[in-house]
Amino acid sequence: MNTGQLADKLVSWIRDKILAAGCSGVVVGMSGGLDSSVLAVLCHRAFPQSILGLIMPCYSSREDEEHAEAVASQFSIPTKIVNLDNVFDALLKVVPDEKVESTVSQLARANLKARLRMLTLYYLANQLRYMVAGAGNRSELSVGYFTKYGDGGVDILPLGNLVKGEVRELARFLSIPQQIIDKPPSAGLWQGQTDENEMGFSYEELDCYLLTGEASDELRDKIESMIAAGDHKRLPPPVANL
């Protein structure tokens with residue numbers, strides 16, 4: 001299957017899933033990153049008159065916001081900007097702040113941002129009778145590199161069977177701005193954060209392992225450990241068998 005055929009197949013899949021659920025359109029979060037940009041363009045092709053892109057800065061990089069706006073402008077995707085800075089601050093003021101390591105606290109706050117975005121996406125989706133499309137790809141999903149009930153809290157995952165490199169090829173085909181394709185992948189959860197630094201290996205290495213099974217012993221152990229640790233994120237909550 002060439003890239004054009006893949007794009008057409010994904011557009012048809014998105015349309016079929018939304019209509020089968022009795023919904024009339026789709027809401028997608030636009031972060032200014034590669035995956036969400038590709039997703040937004042595919043969703044726009046599926047529902048050109050019934051799509052809403054949400055740009056949800058939460059102490060985010062201004063560059064990311066500009067990249068999201070550039071994609072929305074280039075492809076004529078209707079958007080709303082919902083700034084979550086004050087909501088994030090207000091919630092932190094009322095929830096207990098446990099005494100934990102600074103890295104643990106940083107991750108908890110980062111996950112809170114992702115979950116606030118999920119709430120916002122579903123609020124608008126419920127109002128419009130749309131579904132929420134998520135930008136998770138196979139590489140991220142496989143190792144659990146997403147926030148449970150955050151960016152993982154969606155209705156459909158059109159890119160879920162594509163590794164990062166395949167999403168990048170799709171981005172080139174769709175004419176996503178080159179600066180978005182080239183910039184280091186990041187969830188934008190804190191200043192200077194990148195996916196690859198946080199995971200401890202590159203997407204190229206991860207993609208190679210997922211597609212071919214080839215990796216050094218050290219890398220294989222690291223990836224398999226992350227896959228095992230992320231099992232609970234990919235499965236429904238377990239129900240006690242009494």
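As the structure is a prediction and not an experimental result, all values here were calculated from the model. (Residues numbered from 1 in each chain as written. Predicted model: local features only at pLDDT ≥ 70, side-chain atom pairs only at ≥ 80, totals over all residues. Heavy atoms only, no water.)

> Could you give an account of the overall build of the protein chain, with specific residues and numbers?
For the protein chain, the helix and strand inventory stands at twelve helices and four strands. Over its C-alpha trace the protein chain gives a radius of gyration of 18 Å, about what one expects of a compact globule, namely 18 Å for 242 residues. Overall, the protein chain is about 50 × 50 × 50 Å in size when its C-alpha atoms are taken along their principal axes. Sorting the 242 residues of the protein chain into buried and exposed places 46% on the buried side. In the protein chain, the proportion of contacts linking residues at least 24 apart, taken out of those at least 6 apart, comes to 75%. Element-wise, carbon and sulfur atoms account for 52% of the exposed surface of the protein chain, whose accessible area totals about 12900 Å². (Helix = DSSP H or I, 4+ residues; strand = E, 2+ residues; numbered from the N terminus. Rg over C-alpha atoms; globule rule 2.2 N^0.38 Å. Buried < 20%, exposed > 50% of the residue type's maximum accessible area, 1.4 Å probe, protein only. Contact = heavy atoms within 4.5 Å. Areas by Shrake-Rupley, 256 points an atom, 1.4 Å probe, with all protein chains shown as cover.)

> I'd love a proper account of the environment of Leu-219, names of residues and values included.
By secondary structure assignment, the location of Leu-219 is in helix H11 (residues 217–229). The exposure class of Leu-219 is buried, given its relative accessible area of 12%. Between the C-alpha atoms of Leu-219 and Glu-205, which are 14 residues apart in sequence, the distance is 8.4 Å. In contact with Leu-219, not counting residues within four places along its chain, are Phe-201 and Glu-205.

> Explain the pattern of salt bridges to me, using residue names and the numbers behind them.
When their charged atoms lie close together, side chains carrying opposite charge are able to pair. For the structure on display, the rule yields eight salt bridges. The partner of Arg-62 in a salt bridge is Glu-65, with the nearest N and O atoms 3.0 Å apart. One end of the pair is Arg-62 and the other is Glu-65, both in helix H3 (residues 62–75) and three residues apart, which spans about a single turn. Among the residues examined, Arg-62 registers a relative accessible area of 43% and is labelled partly exposed. Given a relative accessible area of 17%, Glu-65 falls into the buried group. When the shortest N-O distance is used, the salt bridge between Asp-217 and Arg-220 registers 3.2 Å. On the criterion of helical spacing, the pair formed by Asp-217 and Arg-220 is a turn pair, its members being three residues apart in helix H11. On the basis of relative accessibility, which here comes to 58%, the residue Asp-217 falls in the exposed class. It is possible to trace a salt-bridge network through shared partners that takes in Arg-62, Glu-65, Glu-66 and Glu-69. (Salt bridge = Lys/Arg side-chain N within 4 Å of Asp/Glu carboxyl O.)

> How would you summarise the environment of Asp-231 if you had to cite specific residues and measurements?
Secondary-structure assignment places Asp-231 in helix H12 (residues 231–234). Classification of Asp-231 as partly exposed rests on a relative accessible area of 36%. Separated by 72 residues in sequence, Asp-231 and Leu-159 have C-alpha atoms that sit 19 Å apart. Side-chain polar atoms of Asp-231 contact the side chain of Arg-234, separated by 2.6 Å. (Polar contact = N/O pair within 3.5 Å; in protein donor to acceptor, adjacent residues only side chain to side chain.)

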